[in-house]
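Listed below, chain by chain, are the residues.
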Amino acid sequence: MNILILNGSPKGGNSITLHTCLYLEKKYPEHTFRYLNVGPKIKQLEKNFSPALEALREAELIVFCYPVYTFLVPSQLHRFIELMKASGLDFSGKAATQVSTSKHFYDITAHRFIEDNCADLALPYLDGLSADMDDILSEKGRRQATDWLDFTLWKLSRREFRRPLVQTPDQVGGDARVIPGSSTPVIPGSSTPVIPGPDDHVIPGPDRESQSAASKKDGKRAVIVTDLVPEDVTLKAMIDRFVAVFPYACDVINIQDFPFMGGCLSCFSCAATGKCVYKDGFDEFLRGTIHKHDAILYAFRIKDHSMGSRFKMYDDRQFCNGHRTVTMGTPFGYLVEGHYSKEENLRLLLEARAQVGGNFLAGVATDEFDVNKDIDTLAATVAYAMEKQYTPPQNFLGVGGMKIFRDLIYMMRGLMRADHKFFKAHGQYDFPQKKWKTSLMMYLVGWMMNNPSIKRKAGAKMSEGMIGPYKKILE
Ligand SMILES: Cc1cc2nc3c(=O)[nH]c(=O)nc-3n(C[C@H](O)[C@H](O)[C@H](O)COP(=O)(O)O)c2cc1C
């Protein structure tokens, strides 16, 4: 079988993930493995996609091989998927799967992203391998890798693929974006009232007076980060309405205008100092401009089940802040054009990002149902959260994610010095072994509960004892 490995790591030949595939190649000499260095070569591939086309045409099994980057795939691989789609190549007769390495921090959203995009490409999909970055170093990890390929090839021989979990662009009625020159941005299947285009894009809000810059409240300022292109008539109108109805001043930053030199290279130059190797000034721009605001909103149109590869580059480049939750306490919000309610993975991702970062997700306004009401509600909620500094407790998505970070940073504290300092300063090393008083108490209770006569006498006193400190609070 011709197996094509799409190496999405920007580290190219030094990729850990690639080494899992190289290991599999050695174990399966009966199959032909071919490699395409998508990560390091993305700029060349953008100019000339023909080497990729040729490799894709010959492949029987396509393997997306990548490190998980900020909940998804690296921006370079994301861009490659856009190019695959734009190529119009017919993938019938082929199949796809994936191999990732990571610390399992949101590997699920990355895998689902690949799966959903395979559905768009009409590429039959088989479950991938999500390995820890060190798995290949252990006997167990190597066995899991070969077991996975055995299973995958068995499934493939039976042509038993995963049923697509998303509606493809065809099924939802195509791209919801408005083409310039066309009259109205009608979104199929949605009852959305049409948002006027650029000529008349400020829709009167509930309080017309509050829309003028002079009458904005002082003291706080929000920012909307967007990747607007001229075709984004609807999204532009959504941003304009938000700015108009929001009671505070709101800056709009278009990352299409930012001169990114490229996606994160995973060089770890930033690990100790926080300084990125690229000289495009993104780290200062992020810290000195975007993060200076009291609320951060993102405005995008759904593309390829995500925010698009430009936003992915923006996200990956935030690695200059390592794993530090530097915007903790700042409310987040989103303005989304497209069928958000149908994008299960994207919804999980936006919530998880806010959860892990310690940001209150004030809301997601979409153009699916009642766009004007959605935007007004979001504006009011962001303003409330800014004023009251509303920060609800983290749920499983945030607590679980932070546990992975905690363990990782502690282990890598010699290298990730800026992260280590931050985690110490913010009490984020919440290891259970530090709670020695609780541990001792549990030994005592355990010993008591093991003694039948004490246990009998204690009876309901156990829960009475446990509720004691809580009762004290009420007193
Ligand atoms: C920019 C960046 C973002 C990352 N994001 C994640 C993540 O979201 N989840 C995770 O578990 N690991 C994350 N990692 C760790 C990598 O996935 C991990 O180190 C991987 O094994 C590297 O593989 P490679 O050598 O093939 O590039 C990230 C690393 C970098 C550099």
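Residues numbered from 1 in each chain as written. Predicted model: local features only at pLDDT ≥ 70, side-chain atom pairs only at ≥ 80, totals over all residues. Heavy atoms only, no water.

> How should the pattern of salt bridges be read in this particular structure?
Any two side chains of opposite charge can pair, on the condition that their charged atoms come close. On inspection of all chains with the given rule, the structure shows 30 salt bridges. Taking the shortest distance from any N to any O, the salt bridge between Arg34 and Glu54 comes out at 3.5 Å. With Arg34 in strand 2 (residues 32-36) and Glu54 in helix 3 (residues 50-58), the pair connects residues that are 20 residues apart, well separated along the chain. Look at Glu54 and you get partly exposed, because its relative accessible area is 38%. Here Arg142 and Glu139 are joined by a salt bridge, their closest N and O atoms 3.5 Å apart. On the criterion of helical spacing, the pair formed by Arg142 and Glu139 is a turn pair, its members being three residues apart in helix 6 (residues 139-157). Residue class for Arg142 comes out partly exposed when judged on its relative accessible area of 23%. Residue class for Glu139 comes out exposed when judged on its relative accessible area of 57%. Each of Lys85, Asp120, Lys303 and Asp304 takes part in salt bridges that share partners, so that together they form one network. (Salt bridge = Lys/Arg side-chain N within 4 Å of Asp/Glu carboxyl O. Helix = DSSP H or I, 4+ residues; strand = E, 2+ residues; numbered from the N terminus. Buried < 20%, exposed > 50% of the residue type's maximum accessible area, 1.4 Å probe, protein only.)

> Would you mind showing me how to read unusual backbone geometry here?
With glycine set apart, most residues show a phi of negative sign, and most peptide bonds adopt trans. Its identity is not glycine, yet Thr70 carries a phi of approximately 35 degrees, on the positive side. Residue position: Thr70 is located in the loop between strand 3 (61-67) and helix 4 (75-87). Taking relative accessible area as the criterion, Thr70 reaches 27% and is therefore assigned partly exposed. For Ala122, which is not glycine, the phi dihedral falls at a positive 55 degrees. Here Ala122 shows up in the loop between helix 5 (107-120) and strand 5 (129-132).

> Can you walk me through helix 3 in this structure?
One turn of the α-helix equals 3.6 residues, which is why residues spaced by three or four share an orientation. What helix 3 keeps buried is the set Ala52, Leu53, Ala55 and Leu56. Down the axis of helix 3, the sector holding all buried residues measures 165 degrees, keeping them to one side. In the core, the buried residues of helix 3 are packed alongside strand 1 (2-7), strand 2, helix 2 (42-47), strand 3 and helix 4. (Arc of directions from axis to C-beta. Contact = heavy atoms within 4.5 Å.)

> Honestly, the sheet that holds strand 9 (residues 332-337) in this entry has me stumped. Any pointers?
With parallel pairing, five strands are arranged side by side in an open sheet as 7-6-8-9-10. Two strands bound the open sheet, and with one partner strand each, they are strand 7 (248-254) and strand 10 (361-366). Averaged over neighbouring strand pairs, the angle between their axes works out to 20 degrees when direction is ignored. Relative to strand 9, strand 8 (residues 295-301) is paired through six bridges, and the arrangement is parallel. Residue pairing across strands places Arg301 opposite Glu337, the latter belonging to strand 9. (Pairing = 2+ DSSP bridges. Axes fitted to C-alpha atoms, helices over the stretch in contact; angles between N-to-C directions.)

> Explain the nonpolar core here, please?
Soluble globular proteins tend to pack their nonpolar side chains together in the buried interior. Residues Leu6, Leu56, Phe64, Phe80, Met84, Ile114 and Tyr314 are the most contacted members of the largest nonpolar core, which totals 78 residues. A total of six residues in this core trace back to one element, the largest contributor, which is helix 12 (residues 344-357). In this structure, this core is formed jointly by two domains, domain 1 (2-165) and domain 2 (174-179 + 187-396), each of which donates at least three residues. Once residues within four sequence positions are removed from consideration, Phe64 is found in contact with Leu6, Leu77, Ile81, Met84, Ala96, Thr97, Gln98, Val99, Ile114 and Cys118. (Core = buried A, V, L, I, M, F, W, Y, C linked by side-chain atoms within 4.5 Å. Domains from an automatic or database assignment.)

> Just to check I follow, could you spell out a nonpolar patch on the surface for this structure?
A contiguous nonpolar surface patch, about 460 Å² in accessible area, is contributed by Met441, Met442, Leu444 and Trp447. One can find Met441 in helix 16 (residues 436-450). (Patch = residues over 30% accessible without salt bridge, like charges linked within 9 Å, V, L, I, M, F, W, Y side chains within 5 Å. Areas by Shrake-Rupley, 256 points an atom, 1.4 Å probe, with all protein chains shown as cover.)

> Before we go on, may I ask you to explain the packing of aromatic side chains in this structure?
Here a ring pair, both rings aromatic, is described through the centre-centre distance and the interplanar angle of the planes. Applying the stated criterion across every chain yields a total of 28 aromatic pairs. Judged by centre distance (6.4 Å) and plane angle (55 degrees), the rings of Phe282 and Phe285 are tilted. Of this pair, Phe282 and Phe285 both sit in helix 10 (residues 282-288), three residues apart, which is roughly one turn of that helix. The residues Phe282 and Phe285 share a single accessibility class, namely buried. (Phe/Tyr/Trp six-rings, centres within 6.5 Å; stacked < 30°, edge-to-face > 60°.)

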